[in-house]
Amino acid sequence: MSTPAPSLMDKIVSLCKRRGFVFPSSEIYGGIGNTYDYGPLGVELKRRVKDAWWTRMVTLRDDIVGLDSAIIQNPKTWETSGHVSNFTDPMVDCKKCKGRFRADKLDDARCPEKPSKKPGECGGELTEAREFNLMFKTNVGPVEGSGSVAYLRPETAQGIFLNFKNVLESSRVKPPFGIAQIGKSFRNEITPGNFVFRTREFEQAEMEFFIPPEQNDQWYAYWVNERFSWYVDYGIDPSKLRKYEHPQAKLAHYCKACTDVEYEYPFGWGELEGIACRTDFDLKSHSAASGKDLAYFDPESKARYTPWVVEPAAGVDRTALTFLIDAYEEQVLPDGDVRTVLHFHPEIAPITVAVLPLVKKEGMPEKASEVDRMLRQARFTTFYDESAAIGRRYRRQDEVGTPYCVTIDGETLKSDIVTVRHRDSMAQESVKVADLEAYLRAAMRSWKRPTK
Ligand code: ATP
């Protein structure tokens, strides 16, 4: 019997481990259910995702400021936000194999006894669904008891609401304005899975945009389009993206409208980001529960009101995974050879430039090290590699998505000219070392997603 060909997800998972993007966490102890660590290239990829988000959401705008709030907050935060009573998923148990599954995601789950089968297909009966709270509980301080219970935040948003007044009073902002935050969130997911798509510990990039209530519809439409465009601008295939508007009946308790940006993953369409209209629910609830007034007084119109909020909430890990999947290609070359290549946007690629001496002699490594140092000083992320034949070194860089390889050869030693090899087209160009930085910056700016 022949073994089935590995699926695209299998290939991505294996590439991630082999090349140092993502490792199973605490692997030497057998791991811990769907938890992952990011290796040297993964951490760069995630950093690029966060930088690209922060640049577009904060740096390039004059109406959004940043925040970094605590993971463990006063537990009243979560009572007031509704998470203690409502942040639940329906769970079912298999009476035979004792597996536990999310009732609304049975299609994504596998039977722990027979992994090729779906829940219940091991012959066991599934129980009625019951609600399971996804927040991780912990105890603060040395005494365990009901008075010391706290939660790991399941979203970063609440830290923003709690600091609304602090930011307003310290930062000369006024509605419409936003507060952005990137940080870890924790959810005790019943069925984590699909690699880093759904894990129990993950990073979110969230922004709460505070607006006069009458501007809700206009800003909601604006943020849905702006966030959709961000993915396209960073090279994601638009034909694999769609907007999904939640039906009114399925909206969360705080929500008036919600649109997800979805991507067509190898395992089906899945949410990449949600853009929600959270009304004034959070500010009003925290005002009432804390006794602190979180309304805004507009000194010009003399109006006093509680701002409404439009929230784009993205997952950093899911976005990194999406970039990996979308960039992946096994390209058949004219000579029949197949190369694995990741067509990352140059600003998303973990390594921007590989510096390669053609041979390991004749002064080429020394010259290459000099060019490498020069590029690092110019803040490019580079990788120096002098081992193996040049063709093999190009392929290694293709596989991790490095957009440019700079080769140092005899010509460089003679006339200070290097060869720049482009990942997507494999075209090579001669560039003077003195012009290299400007050349690479221009190439990065004019990059276009290749058609696969
Ligand atoms: P889902 O329906 O997939 O459980 P959600 O609607 O609960 O997601 P939100 O609360 O809107 O998710 O969170 C915003 C974003 O955070 C999601 O779009 C996703 O990118 C990310 N995210 C949420 N849960 C997880 C998780 N368990 N693992 C990784 N990323 C997550």
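### Observations concerning the pattern of salt bridges
Evaluated as defined, the whole model comprises 41 salt bridges. Here E155 and R278 are joined by a salt bridge, their closest N and O atoms 3.2 Å apart. With E155 in the loop between strand 8 (149–151) and helix 5 (157–162) and R278 in strand 13 (residues 268–279), the pair connects residues that are 123 residues apart, well separated along the chain. Accessibility classification places E155 together with R278 in one group, the buried group. Overlapping salt bridges bring together D89, R102, D104, E189 and R198 as one network.

### A look at the site of the ligand
Around the ligand sit 16 residues, and of these R187, E189, R198, T199 and E271 come closest. At a separation of 2.9 Å, an oxygen atom of the ligand approaches a polar side-chain atom of R187. In this structure, an oxygen atom belonging to the ligand sits 2.7 Å away from a side-chain N or O atom of R198. Compared with its free state, where it exposes 590 Å², the ligand has 83% of that area covered by protein. At the level of secondary structure, the elements contributing two or more residues to the shell around the ligand comprise strand 10 (201–211), strand 13 and strand 16 (308–315). Considering each element in turn, the shell around the ligand owes the most residues, four residues, to strand 13.

### Some points on the packing of helix 2 (residues 40–59) against helix 7 (residues 216–233)
It is at 12 Å that the axes of helix 2 and helix 7 come closest, and there the two elements cross at 140°. With respect to helix 7, the element helix 2 is oriented oblique. Judged by the sense of rotation from one axis to the other, the crossing of helix 2 with helix 7 is right-handed. Across the interface between the two elements, V49, A52, W53, R56 and M57 from helix 2 touch W223, E226, R227, S229, W230 and D233 from helix 7. Each residue belonging to the contact of helix 2 with helix 7 can be placed in one class, and the counts come to six nonpolar, one polar and four charged.

### Observations regarding the layout of surface pockets
Here the second largest pocket is characterised by a volume of approximately 340 Å³. Contributing to the lining of the second largest pocket are 16 residues, with R48, P346, E347, T352 and M444 lying nearest its centre. Residue assignment for the lining of the second largest pocket shows that the elements contributing at least two residues are helix 2 and helix 13 (436–445). It is helix 2 that provides the largest number of residues to the lining of the second largest pocket, a total of five residues. For the lining of the second largest pocket, the residue count by class is six nonpolar, three polar and seven charged.

### A look at the nonpolar core
For soluble globular proteins, nonpolar side chains are generally found buried alongside one another. Of all hydrophobic cores here, the largest spans 57 residues; its most connected members are F21, W223 and F344. For W223, the contacting residues outside a window of four places in its chain are M57, R61, I64, M207, F209, I275, V310 and P312. Membership of the second largest hydrophobic core comes to 20 residues, among which are M364, L375, I408 and L440.

### As for the domain arrangement of the protein
Looking at the protein, the domain boundaries give domain 1 (40–82 + 137–324), domain 2 (88–133) and domain 3 (351–445). Placing a centre on the C-alpha atoms of domain 2 and another on those of domain 3 gives a separation of 52 Å.

### Here's the deal with the sheet that holds strand 21 (residues 404–408)
Spatially, the five strands line up as an open sheet ordered 20-19-21-22-23, and their pairing is mixed. Across the chains shown, the open sheet's two edge strands, defined by having one partner strand only, are strand 20 (382–384) and strand 23 (428–432). Across this sheet, the average inter-strand angle for adjacent strands is 25°, counted without regard to direction. When strand 22 (residues 417–422) meets strand 23, the two strands line up antiparallel, connected through five bridges. Following the sheet pairing, V420 is matched in strand 23 by E429. Those strands touched by helix 10 (residues 364–377) are strand 19 (353–357), strand 20 and strand 21, and its axis lies near 165° from that of strand 19. Docked against the sheet, helix 11 (residues 390–400) engages strand 19, strand 20, strand 21, strand 22 and strand 23, running at close to 170° with respect to strand 19.

Reading the values: the criteria
- Residues numbered from 1 in each chain as written.
- Predicted model: local features only at pLDDT ≥ 70, side-chain atom pairs only at ≥ 80, totals over all residues.
- Heavy atoms only, no water.
- Salt bridge = Lys/Arg side-chain N within 4 Å of Asp/Glu carboxyl O.
- Helix = DSSP H or I, 4+ residues; strand = E, 2+ residues; numbered from the N terminus.
- Buried < 20%, exposed > 50% of the residue type's maximum accessible area, 1.4 Å probe, protein only.
- Near = heavy atom within 4 Å.
- Polar contact = N/O pair within 3.5 Å; in protein donor to acceptor, adjacent residues only side chain to side chain.
- Areas by Shrake-Rupley, 256 points an atom, 1.4 Å probe, with all protein chains shown as cover.
- Axes fitted to C-alpha atoms, helices over the stretch in contact; angles between N-to-C directions.
- Parallel < 35°, antiparallel > 145°, perpendicular 65-115°, else oblique.
- Left-handed = near helix turned anticlockwise from the far one by under 90°.
- Contact = heavy atoms within 4.5 Å.
- Nonpolar A, V, L, I, M, F, W, Y, C, P; charged D, E, K, R; others polar.
- 1 Å grid on protein atoms, 1.4 Å probe; cavity = no way out; pocket = protein on both sides within 12 Å on 5 of 7 lines; lining within 4 Å.
- Points joined across faces, edges and corners; volume = space filled by probe spheres on them.
- Core = buried A, V, L, I, M, F, W, Y, C linked by side-chain atoms within 4.5 Å.
- Domains from an automatic or database assignment.
- Pairing = 2+ DSSP bridges.

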